[in-house]
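Residue-level structure breakdown
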Amino acid sequence: KTKLGGIYSALMVAYDEDGNINENGTREIIRHNIHKMEVDGLYVGGSTGENFMISTEEKKRILYIAMDEGRGQVKLMAQVGSVNLKEAVELGKYATDLGYDALSAVTPFYYKFDFEEIKNYYNTIIEATGNYMVIYFIPSLTGVNLSLDQFGELFENEKIIGVKFSHGDFFLLERLRKAYPDHLIYAGLDEMMLSAAVLHVDGGIGSTYNVNGIRAKQIYTLAKGGKIKEARELQHTTNDLIEGILANGLYQTIKEIMKTQGVDAGYCRQPTKRLSEEGIIAAKELAEKYL
Ligand code: HMN
C-alpha cells in the first residue's frame with residue numbers, strides 16, 4: 001500500500017491553438033513535474049488533463065506519452081473512468097498493458113446511476129483488467145455522493161485499494177480513515193492538504209502541484225511530522241495562490257504559470273476559453289508573487 005502513496009500531479013496536457021495534443025509540450029510538462037516539482041507520481045487522464053473533452057484515441061496517446069516519459073521515475077496512475085463503460089474498459093486494458101501501477105475511475109456521472117450500477121461499473125473495469133483501482137470521488141462535479149457504508153461495500157473488492165477524495169467533507173474523510181486504515185486515501189483538493197495530512201491521508205493528487213509541487217510536498221511532510229505551525233504558514237501561501245488561480249481560470253492559469261517556469265504548456269481545449277491579456281498578466285503576477 002505505502003508503495004503507491006505520495007504526492008501526484010494531476011497531469012496537465014499541452015494543447016495547441018487548434019486544440020490538438022502538443023506532444024513535445026506535454027513531455028516538457030511531465031519532465032517539469034518529475035525534475036522540478038519532484039512529485040512522487042503522475043495522475044494521467046484526470047479532470048486536469050481535460051480528459052472528458054477528448055477522444056478515446058487522444059486519451060490513449062496521452063497515456064502512452066506519460067508512460068514513455070515517466071517510466072521508472074515516478075508512480076503512474078491512469079484515470080480511465082467514463083460514462084461509456086466500454087471505453088473505460090478499453091482504456092483500462094490499454095493502461096494496464098502499458099504497465100500503469102494502478103487505475104483510477106471517476107464515479108459514473110450525468111445519468112443518475114444507483115449504487116448497484118456504480119458498483120458494477122467498478123467491478124467490470126477491474127475484472128477486465130486485473131489492475132488495482134482507486135475510486136475518483138468528486139461529488140461537486142459528478143453529483144455522485146457515496147456514504148461510508150457504500151465505500152465499505154466497494155472496498156469488498158480487494159482490488160479497490162483506495163479513494164481520491166476530492167471533497168470537503170472532513171467528517172466523512174475522518175470516518176473513512178478510521179474504518180479503513182489499510183486503504184489509500186489521497187487528498188483531492190490542494191486547498192485542504194494540511195487538514196487532510198493531519199488526518200493522516202496517504203498522499204495527494206492535484207492540479208496545482210504542476211506548479212506548486214515542492215511547497216505541497218513540504219506541507220504534507222511537515223503536517224505528518226506534527227510541525228503544524230510551519231505547515232500552516234505554507235498552506236496559507238498556497239491558498240493565496242490557489243485563490244488567485246481559481247479567480248483567473250483554473251487550468252488556463254496553471255498553464256500560463258508553467259510558461260513562466262519555462263515550460264511550453266500550450267493552451268486549454270475548447271470549450272474552455274482563452275485567457276484575456278489581463279488574465280495572462282494576472283497569471284504572471286501570481287507566479288512572481290507566490291512561486
Ligand atoms: C484530476 O482529476 O485531474 C485532479 O486530480 C482533480 C483535482 O482534485 C483538482 N480538481 C479539479 O481540478 C476539479 C484539484 O487539484 C483542484 O484543481 C485544486 O484543488 C484547486 O481547486
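Provided above is the structure to which this section pertains.
Residues numbered from 1 in each chain as written. Predicted model: local features only at pLDDT ≥ 70, side-chain atom pairs only at ≥ 80, totals over all residues. Heavy atoms only, no water.

Turning to the sheet that holds strand β6 (residues 160-165), a few remarks are in order. Reading around the barrel, the 8 strands line up as β1-β2-β3-β4-β5-β6-β7-β8 and close back on themselves, with parallel pairing between neighbours. Taking each pair of neighbouring strands and ignoring which way they run, the sheet shows an average axis angle of 25 degrees. With 2 bridges joining them, strand β7 (residues 184-187) and strand β8 (residues 203-206) adopt parallel strand pairing. From the neighbouring strand, Tyr-186 faces β8, where its bridge partner is Gly-203. (Pairing = 2+ DSSP bridges. Helix = DSSP H or I, 4+ residues; strand = E, 2+ residues; numbered from the N terminus. Axes fitted to C-alpha atoms, helices over the stretch in contact; angles between N-to-C directions.)

Moving on, we come to the pairing of β6. When you tally the buried positions in β6, you get 6 out of 6 residues, the bulk of the element. Taken together, the 5 bridges between strand β5 (residues 133-137) and β6 define a ladder with parallel strand orientation. If you follow Ile-135 over to β6, its bridge partner there is Val-163. Alignment of β6 against β7, held across 4 bridges, turns out to be parallel. Bridge pairing in β7 links Gly-162 to Leu-184. Tracing the backbone out of β6, into helix α7 (residues 170-179) and back to the parallel element β7 gives a crossover that is right-handed. (Buried < 20%, exposed > 50% of the residue type's maximum accessible area, 1.4 Å probe, protein only. Right-handed = clockwise from strand over helix to strand, strands pointing away.)

The next thing to look at is helix α1 (residues 23-36). Helical periodicity: at 3.6 residues per turn, an α-helix aligns residues three or four positions apart in one direction. The terminal C-alpha atoms of α1, which comprises 14 residues, lie 19 Å apart, in line with the 20 Å expected from a rise of 1.5 Å per residue. Within α1 the residues assigned to the buried category are Gly-25, Thr-26, Arg-27, Ile-29, Ile-30, His-32, Asn-33 and Ile-34. The inward-facing, buried residues of α1 abut β1 (6-10), β2 (41-44), α2 (56-70), α9 (209-224) and α11 (250-260). A distance of 3.3 Å separates the backbone nitrogen of Asn-24 from a side-chain oxygen at the start of α1, and that oxygen is part of Asn-22. Glu-38 lies just past α1 and shows a positive phi near 55 degrees. (Expected span 1.5 Å × (residues − 1). Contact = heavy atoms within 4.5 Å. Polar contact = N/O pair within 3.5 Å; in protein donor to acceptor, adjacent residues only side chain to side chain.)

With that settled, consider helix α4 (residues 115-129). Between its first and last C-alpha atoms α4 spans 22 Å; for 15 residues at 1.5 Å apiece the expected length is 21 Å, and the two agree. Those residues of α4 lying buried are Phe-115, Ile-118, Lys-119, Tyr-121, Tyr-122, Ile-125, Ile-126 and Thr-129. Angular distribution of buried residues about the axis of α4 spans 155 degrees; they occupy a single face of the element. In α4, the exposed positions that point more than 90 degrees away from the buried face belong to Glu-116 and Glu-127. Of the surrounding secondary structure, the elements contacted by the buried residues of α4 are α3 (85-98), β4 (102-106), β5, α6 (148-154) and β6. Its side-chain oxygen placed 3.1 Å from the backbone nitrogen of Glu-116, Asp-114 serves as the N-cap of α4. Where α4 terminates, the next one or two residues include Gly-130, which has phi positive at roughly 75 degrees. (Arc of directions from axis to C-beta.)

Our next topic: the site of the ligand. Of all residues adjacent to the ligand, which total 20 residues, the nearest are Lys-164, Gly-188, Glu-191, Ser-207 and Tyr-251. In the environment of the ligand, an oxygen atom lies 2.9 Å from a nitrogen or oxygen atom belonging to the backbone of Ser-47. Between the ligand and Tyr-136 there is a distance of 2.9 Å, counted from an oxygen atom to a side-chain nitrogen or oxygen. Out of a free accessible area of 490 Å², the ligand has 93% covered by protein chains. By residue class, the composition of the shell around the ligand is 10 nonpolar, 7 polar and 3 charged. (Near = heavy atom within 4 Å. Areas by Shrake-Rupley, 256 points an atom, 1.4 Å probe, with all protein chains shown as cover. Nonpolar A, V, L, I, M, F, W, Y, C, P; charged D, E, K, R; others polar.)

This brings us to the nonpolar core. Membership of the largest hydrophobic core comes to 94 residues, with the highest contact counts inside it found for Tyr-100, Tyr-122, Ile-125, Ile-135 and Phe-151. Look past the residues within four positions of Ile-125 in its chain and what remains in contact with it is Val-80, Leu-85, Ala-88, Val-89, Leu-103, Ala-105 and Met-133. (Core = buried A, V, L, I, M, F, W, Y, C linked by side-chain atoms within 4.5 Å.)

Walk down a regular strand and you will see the side chains alternate between the two sheet faces. With 5 of 5 residues buried, β1 lies mostly within the body of the structure. In this sheet, β2 lies alongside β1 in parallel orientation, the contact comprising 3 bridges. By the bridge assignment for β2, Ala-10 is matched with Tyr-43. Running through α1, the crossover from β1 to the neighbouring parallel element β2 is right-handed.

We now examine the packing of helix α10 (residues 228-248) against helix α12 (residues 277-290). In helix packing, the relevant descriptors are the interaxial angle and the interaxial distance, both defined with respect to the helix axes. Axis separation between α10 and α12 bottoms out at 10 Å; the angle between their running directions is 175 degrees. Of the possible angle classes, the one that applies to α10 and α12 is roughly antiparallel. Together, Thr-237, Asp-240, Leu-241, Gly-244, Ile-245 and Asn-248 of α10 and Gly-279, Ala-282, Ala-283, Leu-286 and Tyr-290 of α12 make up the contact between the two elements. Across the contact of α10 with α12, the residue classes tally to 6 nonpolar, 4 polar and 1 charged. (Parallel < 35°, antiparallel > 145°, perpendicular 65-115°, else oblique.)

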